[in-house]
Amino acid sequence: MKKLLPLLGFLIWSWNVSAQVVLKVTGEVTTPLQLQASDLTALPHTDVKAVDKDQKEHHYSGIPLIELLKKAGVTVGGQLRGENLVKYALVRAADGYEVLFALPELDPEFSTRTIVLADAVDGTALPAGVGPYRIVVSGEKKPARWIREVREIEIRFAK
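Here goes a summary of the coordinates provided. (Residues numbered from 1 in each chain as written. Predicted model: local features only at pLDDT ≥ 70, side-chain atom pairs only at ≥ 80, totals over all residues. Heavy atoms only, no water.)

The secondary structure content of the protein chain amounts to four helices and ten strands. Taking the intrachain contacts of the protein chain between residues at least 6 apart in sequence as the baseline, contacts between residues at least 24 apart amount to 58%. For the protein chain, the exposed surface amounts to about 9,200 Å²; the carbon and sulfur share of it is 56%. (Helix = DSSP H or I, 4+ residues; strand = E, 2+ residues; numbered from the N terminus. Contact = heavy atoms within 4.5 Å. Areas by Shrake-Rupley, 256 points an atom, 1.4 Å probe, with all protein chains shown as cover.)

Locating Asp-122 in the fold gives a position in the loop between strand E7 (115-121) and strand E8 (124-125). Between the C-alpha atom of Asp-122 and that of Tyr-60, which follows or precedes it by 62 residues, the distance is 6.2 Å.

With respect to the helices and strands, the residue Asp-107 is situated in the loop between helix H4 (103-106) and E7. Salt bridges are absent for the buried Asp-107, whose nearest opposite-charge side chain, Lys-70, sits at 6.8 Å. Ignoring any residue separated from it by four or fewer positions in sequence, one finds Asp-107 in contact with Ile-66, Val-76, Gly-77 and Leu-80. (Buried < 20%, exposed > 50% of the residue type's maximum accessible area, 1.4 Å probe, protein only. Lys, Arg positive; Asp, Glu negative; His and termini not counted. Salt bridge = Lys/Arg side-chain N within 4 Å of Asp/Glu carboxyl O.)

Counting 43 residues, the largest nonpolar core has Leu-23, Leu-40, Leu-68, Ile-135 and Ile-153 as the members making the most contacts within it. Here this core gets five residues from one element, more than from any other, and that element is E7. Leave out the neighbours within four places in its chain, and Leu-23 touches Leu-33, Gln-34, Leu-35, Leu-40, Leu-68, Leu-117, Val-150, Arg-151, Glu-152 and Ile-153. (Core = buried A, V, L, I, M, F, W, Y, C linked by side-chain atoms within 4.5 Å.)

Another point: the pairing of strand E10 (residues 150-157). Looking at chain direction, strand E1 (residues 21-27) and E10 are connected through four bridges and run parallel. Each residue of the ladder has a partner; that of Lys-24, found in E10, is Glu-152. Alignment of strand E5 (residues 87-93) against E10, held across seven bridges, turns out to be antiparallel. Residue pairing for E10: Leu-90 is matched across the bridge by Glu-154. (Pairing = 2+ DSSP bridges.)

Let us look at the pattern of salt bridges. Tallied over the entire structure, the rule returns ten salt bridges. Among the salt bridges present, the one from Glu-98 reaches Arg-92, with a minimum N-O distance of 2.8 Å. Residue classification places Arg-92 among the buried positions, given a relative accessible area of 18%. A salt bridge links Glu-105 to Arg-113; its shortest N-O distance comes to 3.4 Å. A relative accessible area of 26% means that Arg-113 is categorised as partly exposed. When salt bridges with common partners are traced through the structure, they connect Arg-92, Glu-98, Glu-152, Glu-154 and Arg-156 into a single cluster.

Here we take up the pairing of strand E3 (residues 46-51). In terms of strand pairing, E3 meets strand E4 (residues 57-64) through six bridges, oriented antiparallel. The partner of Ala-50 across the bridge, within E4, is His-58. Hairpin remark: E3 followed by E4, antiparallel, with five residues in the connecting loop; positive phi at Gln-55, about 65°.

What follows is the structure, given as structure tokens:
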């Protein structure tokens with residue numbers, strides 16, 4: 001039993017460390033990210049107004065998705081040309097739901113809207129089952145890509 005205690009302690013420590021990762025950014029990136037809640041809280045936030053499926057306007061606060069992608073070294077801005085225009089972001093939820101965004105949709109050099117990884121709505125944290133993070137796409141007629149419980153963003157080539 002004494003020999004198992006250090007192993008058990010290591011396993012508990014490993015589980016706690018991996019449990020702290022709340023969002024991954026992977027794929028065609030120069031710096032894969034494994035972010036904790038504190039990392040996301042420290043990033044610049046912005047506010048957007050958007051009509052949810054309840055047909056009411058809400059105020060969402062979150063990180064512009066493009067800022068997360070920049071942090072991971074994703075091709076954006078002036079580099080987003082030629083073959084890089086066929087890159088996309090595949091966003092995955094805890095339940096396996098996935099949505100796709102072409103990189104130009106996320107880049108302010110191509111689009112006038114800001115797509116955010118929201119962590120609050122109307123001044124309060126997102127509720128369980130929706131948060132802790134949700135993609136909010138202001139201006140879309142249907143919120144089908146407003147993916148809940150976001151866990152990973154993977155950058156890929158369409159080719």
